[in-house]
Amino acid sequence: MRVFPRWPIPILKLLVAGWMLSACAFAPLLADVKVAPAVISPNADRTDDVTHIAYRIGRPATVSIYFVDAQGQRYYFRNAQRRSPGRYTVYWGGVINDPQVRVVGGKAMLVESRVLPDGVYTWTVEAVDDSGRTAQVSGQITLKDADASLPELHNFTVVPQVFRPNQDGLRDDWVSIAYYLTKKAERVQVYLKPAGRKPNEPDIKYPIAEKPYATVVEAGAAGYHEYRYEGGVDQGAEPPPDGEYVIYGEAEDRVGNRVVVSSTLTIVEGGKPRAEVAGGEIAWRGAMNRELSVALGQSFCFTATVVNIGPVPIRTAGPWPGQSFKFSENYNTLAARGGEESWYQQAGVWRFGVNFDTTGVDFPFRWAIGRKEDLEERLIDGRPQYYLLPGRRGQVFGCITLDQKPPVGTTFWWGGLIHEFVEVANNYIERIVVAVGVP
Ligand SMILES: [Ca+2]
Ligand SMILES: [Ca+2]
C-alpha cells in the first residue's frame, strides 16, 4: 500500500493551482501532434486498421479532429469537444460520427457513423482556447481497402402497430418485427423508447431480446430476420406502460459502420390478466359438509362469482351461465351440437370450469366468466368478443345432469379458472364429494 504525505487540503489545492498556472503559462495551446501510420486499411483484418492520433493541450480548449477529402468535404471525428490541459491519444479507424439521414426503399435510415471511402484525406487537429485563439496542425492520411459498406436494415416492419399485450389470444397479443440485414453485423439491437420524451424525463429503453422464431439465419447474419415480441407478458412480466413508443433497430458492423431505423408502436390495454373466484367459494346447491347426494338422472348446480383482479380486460366466451351439461357432454360436443363456434377452446379465453377426478377431457364443463350483462361486448375483426373489465365481477351458474353413472373411482369434483392454452389460473377450488345414488 502506498502512503501519501498527509498535507492539509488547502495547501494541496494551492500546490496544484500553482502547478497548473505554471504549466499554462509555458505550454503552447496545441503541441506534439502525431498521426501514424499515414496509410490505413480500415477493414477489420487486423492489419493497419487504425491510425494513432496523439496531441497535447496546454490550456483549457475545445478540440476538433476532422478530415477533408479531395472534393473539399469536411468530416468530423471530434467536433468542438471540451478538453482540459494534458496529453491525449486516440485511435482512428476511418470512422466518422456525422449522422446523416438516407432514404432507402422509401424509408428513412439514420447513418450514425460510417467508415470513409478509399482516398487521400487531409487531417486536422484544431484547438480553440477560451479567448478564441486557435491552433491547428494538419497532415495527410490515405485510406485503402476501407470497408465502407453499411449494415443496412431494409424493410424494417412492425406489425401490428397498435399492440394490446394482454394475452387475450387475439392477433394483437404480439408484434412481429422484421428486417432484411444487408451485411453481417457485429451487433443488432431492437428496442422501444417512449415517444415524445421531454428533456427532464429519464431515457428509458426497453430492449427486445433477440428471439427469432421464423428466422433461418443466425443473429447478426446477413438476411431476413423476424422476431416476436409479446411485451414480456409471456414471461409473466408487465409490459411497458400504455402509450406511444418508437421502436428502433440498430446495426453495427466490426469496422464501426452503424445505422438506425425506426417505426412506431402504440401500446393499449397492456398487462398480465388475472382473475379469481371471489372468496375461493363455489356454492354447490344442496351440499352438506362438502358432500352432495345426487340420484342418477338428476342434476346438481352451482353458483360462483369471478372477479377481474388484474389491470386489463379479460376475454371470455360461452357457453353462457345457466347452461346445463349432461355428464356425457362437454363444451366441445355442445359446440358441435348447435352451439357457437366460440365454445370450442380458444387461445387466450378465460372460462370457469368444473372438473372431476376421472375426467377424460380436462374441465369438460365450462362457462363464460360472467353473464352477458356483466361483460363488455366489443366487435373485433367483425366478431363480437366479450370482456370482463378490470375490477368487475361476473356471475357464473350452471348445472350438470348425471345422465349416466360417472366412472368407478369418481369421488371429487371441483371448480377452476382456465386461461385457455395458457394455464389453469386457479385449480381445485371448493372440492366436494358427489355421491351418486340410484333412484
Ligand atoms: Ca486492414
Ligand atoms: Ca391482445
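Residues numbered from 1 in each chain as written. Chains lettered and ligands numbered in written order. Predicted model: local features only at pLDDT ≥ 70, side-chain atom pairs only at ≥ 80, totals over all residues.

(A) Fine view of the domain arrangement of the chain. Taken as a whole, the chain is organised into domain 1 (27–100 + 114–143), domain 2 (153–267) and domain 3 (275–437). Here domain 1 and domain 3 have C-alpha centroids that lie 73 Å from each other. (Domains from an automatic or database assignment.)

(B) Main features of the environment of G93. Locating G93 in the fold gives a position in the loop between β6 (86–92) and β7 (95–96). Once the C-alpha coordinates of G93 and V424 are considered, the two residues, 331 residues apart in sequence, prove to be 57 Å apart. Leaving out residues up to four positions away in the same chain, G93 has contacts with P42, D49, V50, V255 and G256. (Helix = DSSP H or I, 4+ residues; strand = E, 2+ residues; numbered from the N terminus. Contact = placed C-beta atoms within 7 Å.)

(C) Layout of the nonpolar core. Counting 35 residues, the largest nonpolar core has A304, V306, W350, F352, I369 and L417 as the members making the most contacts within it. Apart from residues no more than four positions distant in its own chain, F352 is found in contact with A304, V306, R366, W367, I369, V396, G415 and L417. If you look at the next biggest cluster of nonpolar residues, it comprises 24 residues, including I57, Y66, V95 and I141. (Core = buried A, V, L, I, M, F, W, Y, C linked by C-beta atoms within 7 Å. Buried ≥ 20, exposed ≤ 12 C-beta atoms within 10 Å, placed from the backbone.)

(D) Region of the structure containing the sheet that holds strand β10 (residues 119–129). In spatial order, the strands read β2-β11-β10-β4-β5; together these five strands make up an open sheet with mixed pairing. Edge strands, defined here as strands with exactly one partner in the open sheet, are β2 (39–40) and β5 (74–83). Where β2 meets strand β11 (residues 134–143), two bridges bridge the pair, whose relative direction is parallel. Bridge pairing in β11 places I40 opposite L143. (Pairing = 2+ DSSP bridges.)

(E) Focus on the environment of L375. Position of L375 among the secondary structure elements: in the loop between β26 (365–368) and β27 (376–380). As for L375 and L29, which are separated by 346 residues in sequence, their C-alpha atoms are 76 Å apart. Apart from residues no more than four positions distant in its own chain, L375 is found in contact with T316, G370, Y386, Y387, L388 and G394.

(F) Structural view of unusual backbone geometry. Here the amide bond leading from A36 into P37 is cis, since omega sits at 0°, within 30 degrees of zero. Note on placement: P37 falls in the loop between β1 (30–36) and β2. Of note, the bond from V159 into P160 is cis; its omega dihedral lies within 30 degrees of zero at -5°. Tracing the sequence through the fold places P160 in the loop between β12 (153–159) and β13 (162–163). Located in the positive-phi region is R290, a residue other than glycine, with phi close to 60°. Considering the arrangement of structural elements, one finds R290 in the loop between β20 (275–284) and β21 (291–295). Classification of R290 as exposed rests on a count of 11 C-beta atoms within 10 Å. A positive phi angle, close to 50°, is found at D381, a residue other than glycine.

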